[in-house]
Amino acid sequence: EGEVGCTVELDIANLKRNKWVNGECMNKLQTFENFLSHLEKESNSGCATDPHWRPQTERIDDKFIPYINFIGHMDTVSADTERLLRQVGAWHPYGAVGWGKNQSEAVFQSKSASIRVSEAKLKLGQYYTPELEERVEKLYVKDYMHPVFNVTRSLDG
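Criteria and cut-off values
Residues numbered from 1 in each chain as written. Predicted model: local features only at pLDDT ≥ 70, side-chain atom pairs only at ≥ 80, totals over all residues. Heavy atoms only, no water. Salt bridge = Lys/Arg side-chain N within 4 Å of Asp/Glu carboxyl O. Helix = DSSP H or I, 4+ residues; strand = E, 2+ residues; numbered from the N terminus. Buried < 20%, exposed > 50% of the residue type's maximum accessible area, 1.4 Å probe, protein only.

## A few points about the pattern of salt bridges
Part 1 of the reasoning: What the rule picks out here adds up to 6 salt bridges.
Part 2 of the reasoning: Its salt-bridge partner being Lys-138, residue Glu-134 comes within 3.3 Å of it at the nearest N-O pair. Taken together, the residues span about one helical turn, with Glu-134 and Lys-138 both in helix α9 (residues 130-139) at a distance of 4 residues.
Part 3 of the reasoning: By relative accessible area, which is 33% here, Glu-134 ends up partly exposed.
Part 4 of the reasoning: Here the salt bridges share partners, and the residues they tie into one network are Glu-33, Glu-40 and Arg-135.

## Examining unusual backbone geometry
Part 1 of the reasoning: Not every positive phi belongs to a glycine, and Gln-103 is a case in point at roughly 55 degrees.
Part 2 of the reasoning: Tracing the backbone through its elements, the reader meets Gln-103 in the loop between α7 (91-95) and α8 (111-127).
Part 3 of the reasoning: The class of Gln-103 is exposed, set by a relative accessible area of 56%.
Part 4 of the reasoning: Even without being a glycine, Phe-108 presents a positive backbone phi close to 60 degrees.
Part 5 of the reasoning: On the secondary structure map, Phe-108 appears in the loop between α7 and α8.
Part 6 of the reasoning: Taking relative accessible area as the criterion, Phe-108 reaches 44% and is therefore assigned partly exposed.

In structure tokens, the structure reads:
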């Protein structure tokens with residue numbers, strides 16, 4: 001194994017299905033650090049970038065910003081999902097029950113989901129170094145600074 005931060009491999013099977021990434025470029029993107037390097041210099045890398053990897057501020061035209069009435073975050077996915085489903089009147093039929101091992105729990109409320117999130121956070125801490133986090137936050141600084149997106153970053157606190 002290499003240095004911490006360099007050993008996390010991207011999901012190669014998913015990359016192979018990605019119409020934006022060709023075989024030569026896929027070889028360049030096999031570690032998270034290389035993936036970040038690609039995003040940092042995408043215009044000069046010779047590789048196309050999946051539009052899903054771009055900052056939201058580049059993907060959403062400013063004229064649509066006033067129409068955004070919900071922003072959810074992965075770190076609060078359970079509460080955000082409930083809030084969204086209640087907002088559209090779908091909490092009881094689609095979110096309140098029918099989930100979990102016995103289908104008796106609310107969406108994202110199951111103990112097994114909480115365990116998976118905890119395990120993922122532990123793995124993240126092993127590979128996602130402060131240096132890599134700083135690079136990600138610089139890449140997406142406009143998203144972090146955007147008042148509508150309400151994203152916090154660890155560099156701020």
